[in-house]
Each structure stands twice: as structure tokens, then as C-alpha cells.
Amino acid sequence: MPGFEFFGEEERKQIDDVMGTGILMRYGFDAQRKGNWKAKELEQKISETFGSKYAQLTSSGTAALTTAMAALGIGYGDEVIMPAFTFVASFEAVISVGAIPVLVDIDESLTLDPNAVKAAITSKTKCVMPVHMCGSMADIDALKNICKENNLILLEDACQSIGATYKGKYVGTIGDAGTFSFDFVKTITCGEGGAVLTNNEEVYTKCDGYTDHGHDHQGVDRGADLHPFVGYNYRISELHAAIGVAQIGKLNNFLSIQRKNHALLKSILSAIPEVTFRKIHDEEGDSCTFLTWFLPDGEITATVVAEMKSQNILAGNFYWFDNNWHYIRKWDHLKNNKFLNNQSEPLQQQLKKYSAEPFTASDAIMSRCISTAISLTWTEEQISEKGEKIAGVIKKVLKDKYASV
Ligand SMILES: *Cc1c(COP(=O)(O)O)cnc(C)c1O
């Protein structure tokens, strides 16, 4: 799944270029850097690889989301509709621009349920933010239509689905803007880093300034730049970008290995009639970082998880329902308004609702769901062995269950 599994000479060579000059900053020092512009080079490669007119690198995927929202004009009091199953960074970014995260149910694709999105629209809604979770895509056509009909912004959080496509287009390039994360466990990594992708020149220009204190990058040097608006420092360093230049060259190889390993594991689990699989809106476009499978009910699933744990084969398998990071059920800090500083009244009111409001439809799905991370380094023998062990646990639990009735 993550790029760090295939790390070596290519990354070292790129880092050596930067070490050769010592210019670690992406802007300025034109003469000293001897032609090394790693961040610029990576931005260009991202544009070419994914077919996005513009790409703006950032210091993280969270910073990319924050930057995209600011550039799209999402701010104080605006409501952003997003899924109740995602990585915490998605709502962190919404809150960071003063907007309000409106969390709604997911469906069996583990992404936004379009009907839940429709039901959540109010006069304050400004943006719909699907999250392409676990390597696969949201129901983009349906969400695009909803955005069109209601005059809303579509911002794709594609942070963990780099390389996935939907009807031939890369996720992250379809909405008004999209974001990638290059943190250490993502499909390709910079160590830390992220990117905003957009086809809109104005949005891009705003991202370019926003990530660098509002600099317009039009001056003869940094001191001469104008500042048409207030920005922050969300810059990536040349060292991180250099790693990304090496990693993006390996992306297609990563994807083809993932797809092969995913297919083999899926064929093993498919032999059990009680196992079903995540709905994928465009099977061909699955980046296959995870194989996500369902069992008949929550009780069986929890028992399978416990049994896998006791057999020491749980590592790499994620039961998100009980996980502290990815599902609203365990986001107590958010639900209880645990902030270090004052937050707006409308935000606090909204968050309070989540302790009372049940996410019944999502619970019914997440409680039955296990995602197996697909490693790039597995051999076919290892996949067979893993698959058979998991299958053995499932069969045992099902047998015990049916023996007891
Ligand atoms: C990883 C991730 C992010 C943020 O990425 P960082 O680079 O770790 O800040 C945002 N959204 C999702 C869905 C992610 O998985």
C-alpha cells in the first residue's frame, strides 16, 4: 500500500541533488540552486501524470485541504457536507478555515451516500466534500449533479486514493479542486507533503499565494513580492519534494502490484459465500490499496476480529468501527468540543449534535466491515497463506455461530 515499502536508490539520488547545493527552500536562491527546482518539478509531474491543469504542493494533505478551502472561498459559518467515515484531517481542515463540518452517512461504497447529502443541504451549505476512502472512489456523478443543482462547490479529498480513477479520470481532478496527501503511509510519499489539484487558474493562483504568506511570486525577489491577501506558511521543502519526484516515477508500478495482490486475496475470500465486498463505483479505477470485505452482521465481525487478534494475524487488517481515527463513533474529542481555544458558536452547536445523533445507517455498514491493507512486498505464497488463514477464521466463527442455534 504505501510508497515507503519501495524506497531506495531513486529517492537517494533525488536527495543528493538537493544536498549538493544545500538549498532546501523551494523559492529563490536561483543561482545557488544550480537548476534544482524539486517542488516545481514535482508539481509539473503531478499535472502531467493526473491530467490536472495545475498542482500546488503543500506541507501536508491537511494543509492542502485547508488551502483548497480558502482558495475556493469557504470560510466562517459555511457548511461543508462530508462523510462520517474519513480520516480526522478532513474535518480538521474544515474547522481550520472557520467553516462547519456537516457529517452525514456513508453507503456500502464507504463513501458519501448521495441521498444523505441531499437531505443535509441548508441555506448555509457551500461545499460537498466526498472522501475517496481506502483507495476507491465516491459516487462522483451523483454528487456532481447535486452540486450543480444546488450551486455548491465540489471538493474531493483524494488524499488516500492517489491513482484511482472514475470513468477514466483520476480522482482529485474532477471537482472544483482535489487534494492528495504524501504523508508516510500514503500510496506515494514525500515523508510529509500534499497537493491541491485544480483546472481553475484563479483557484490555483490563490493556492500558490496562500501557501506562502500571500506572496504573489511576481516580484524580482521575495522582498519585492506583493501580498494581495493574507496567507500562511504551508510550503513543502525541497527535500520532501525530491522524495516525491522519485516516488511519482514508481506510481504505475505500485498500482499494478496493488491490483495484482488485491485480486489474488479477493479470489481467496470470495470462496466463502457469507463474505461480500465493498461497492466500487468504477471497479476498473480501484487503486486497490485495501481489500474491504463485509460479514453478515456486527457480532460475527467482532468475533472474527477477536479471533484474528488471538491468532496474531490482525496486523494490517482494519476494523474501522472500533478504530479511534477514522469513524465518528470514536471521535469523542470532536463530539465534546475539545478545543484548545475559543471556537465559533455555530460550530460548537453543530458538534454538540453529534453526541446525540445516531449514524444508524453508517453503523450498520461499518460494524460489518474489515479492510485488509494490500502490501507491495507480498509474494504470491504469502498472499495465499494470509488469505487462507483469514478464511479459516471466518469459517470457524460461522460454524460456531450456526452450531449454537
Ligand atoms: C492522510 C489523509 C489526509 C491528510 O493528510 P496528511 O498529509 O496526513 O495531513 C486527509 N484526508 C484523508 C482522507 C487522509 O487519509
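What counts as what
- Residues numbered from 1 in each chain as written.
- Predicted model: local features only at pLDDT ≥ 70, side-chain atom pairs only at ≥ 80, totals over all residues.
- Heavy atoms only, no water.
- Helix = DSSP H or I, 4+ residues; strand = E, 2+ residues; numbered from the N terminus.
- Rg over C-alpha atoms; globule rule 2.2 N^0.38 Å.
- Buried < 20%, exposed > 50% of the residue type's maximum accessible area, 1.4 Å probe, protein only.
- Contact = heavy atoms within 4.5 Å.
- Lys, Arg positive; Asp, Glu negative; His and termini not counted.
- Charge placed at Lys NZ, Arg CZ, Asp CG, Glu CD.
- Polar contact = N/O pair within 3.5 Å; in protein donor to acceptor, adjacent residues only side chain to side chain.
- Domains from an automatic or database assignment.
- Buried area = accessible area lost by both parts, 1.4 Å probe.
- Salt bridge = Lys/Arg side-chain N within 4 Å of Asp/Glu carboxyl O.
- Pairing = 2+ DSSP bridges.
- Axes fitted to C-alpha atoms, helices over the stretch in contact; angles between N-to-C directions.
- Core = buried A, V, L, I, M, F, W, Y, C linked by side-chain atoms within 4.5 Å.
- Near = heavy atom within 4 Å.
- Parallel < 35°, antiparallel > 145°, perpendicular 65-115°, else oblique.
- Left-handed = near helix turned anticlockwise from the far one by under 90°.
- Nonpolar A, V, L, I, M, F, W, Y, C, P; charged D, E, K, R; others polar.

S.K.: It is not clear to me how the overall build of the protein should be interpreted in this structure. Could you clarify?
M.R.: A count of helices and strands for the protein gives 14 helices and 13 strands. Taken against the 2.2 N^0.38 rule, which gives 22 Å for 405 residues, the C-alpha radius of gyration of the protein at 22 Å falls within 12% of a compact globule. Considered along the principal axes of its C-alpha atoms, the protein spans approximately 80 × 50 × 40 Å. When burial is assessed residue by residue, the protein has 56% of its 405 residues classed as buried. Within the protein, contacts between residues separated by at least 24 positions form 69% of all contacts whose residues are at least 6 apart in sequence. A distance of 2 Å separates the average location of the 40 positive side-chain charges in the protein from that of its 51 negative side-chain charges.

S.K.: Quick question: what am I supposed to make of the side chain of Lys186 here?
M.R.: By the secondary structure assignment, Lys186 is in the loop between strand E8 (177-181) and strand E9 (194-198). By relative accessible area, Lys186 is classed as buried at 10%. In terms of polar contacts, Lys186 uses its side chain to reach the side chain of Asp183, at 3.1 Å.

S.K.: Mind showing me how you'd approach the domain arrangement of the protein here?
M.R.: Size of an interface, as often reported, equals the accessible area lost when the parts are brought together. The domain architecture assigned to the protein consists of domain 1 (3-251) and domain 2 (252-403). With centres defined by C-alpha atoms, the gap from domain 1 to domain 2 works out at 25 Å. Contact with domain 1, which involves 44 residues of that partner, is made by 48 residues of domain 2. Counting each side, the surface lost to burial between domain 1 and domain 2 is near 3,900 Å², with a carbon and sulfur contribution of 63%. Considering only the surface of domain 1 that becomes buried against domain 2, Phe6, Leu103 and Glu108 emerge as the three largest contributors, covering 15% of it. Our count for the domain 1 to domain 2 interface comes out at one salt bridge. Across the salt bridge formed by Glu108 and Arg368, the nearest N and O atoms sit 2.7 Å from each other. Run the count over domain 1 and domain 2 and you get 27 residue pairs in polar contact (both at pLDDT 80 or more). Residue assignment for the side of domain 1 that touches domain 2 shows that the elements contributing at least two residues are helix H4 (89-96), strand E3 (100-104) and strand E6 (165-166). Take the side of domain 1 that touches domain 2: its biggest share by element is five residues, from E3.

S.K.: What is the right way to look at the sheet that holds strand E4 (residues 125-128) in this model?
M.R.: Two modes of strand pairing occur in sheets, parallel and antiparallel, and in both the strands are linked by backbone hydrogen bonds. Spatially, seven strands are ordered E1-E9-E8-E5-E4-E2-E3 in an open sheet, and the strand pairing comes out mixed. Of all the strands in the sheet, just strand E1 (54-58) and E3 have a single pairing partner and so form its edges. Going across the sheet, the axis of each strand differs from the next one's by a mean of 25°, ignoring polarity. Judged from the three bridges that link them, strand E2 (residues 79-83) and E4 form a sheet pairing that is parallel.

S.K.: How do you make sense of the nonpolar core when you look at a structure like this?
M.R.: Soluble, globular proteins show a tendency: their nonpolar side chains are buried together. Within the largest apolar cluster, 117 residues are counted, with the highest numbers of intra-cluster contacts made by Ile46, Trp293, Val304 and Ile394. Taken together, domain 1 (3-251) and domain 2 (252-403) each give at least three residues to this core, which thus spans both. Among all residues touching Ile394, those that are not within four sequence positions of it are Leu269, Ile272, Val275, Trp293, Leu295 and Val304.

S.K.: It is not clear to me how the site of the ligand should be interpreted in this structure. Could you clarify?
M.R.: Of all residues adjacent to the ligand, which total 15 residues, the nearest are Gly61, Thr62, Ser181, Asp183 and Lys186. Side-chain polar atom of Thr62 to an oxygen atom of the ligand: 2.5 Å apart, as the coordinates give it. In this structure, a nitrogen atom belonging to the ligand sits 2.8 Å away from a side-chain N or O atom of Asp157. Among the elements of the structure, helix H3 (61-71) and H4 are those that each provide at least two residues to the shell around the ligand.

S.K.: Mind showing me how you'd approach the packing of H3 against H4 here?
M.R.: Contact geometry for H3 and H4: axes closest at 9 Å, N-to-C directions at 40°. Relative to H4, H3 is oriented oblique. Relative to H4, the crossing made by H3 is right-handed. Along the contact surface, H3 presents Thr62, Leu65, Thr66 and Met69, while H4 presents Ala89, Ser90, Glu92, Ala93, Val94 and Ser96. Class assignment of the residues belonging to the contact of H3 with H4 gives a composition of five nonpolar, four polar and one charged.

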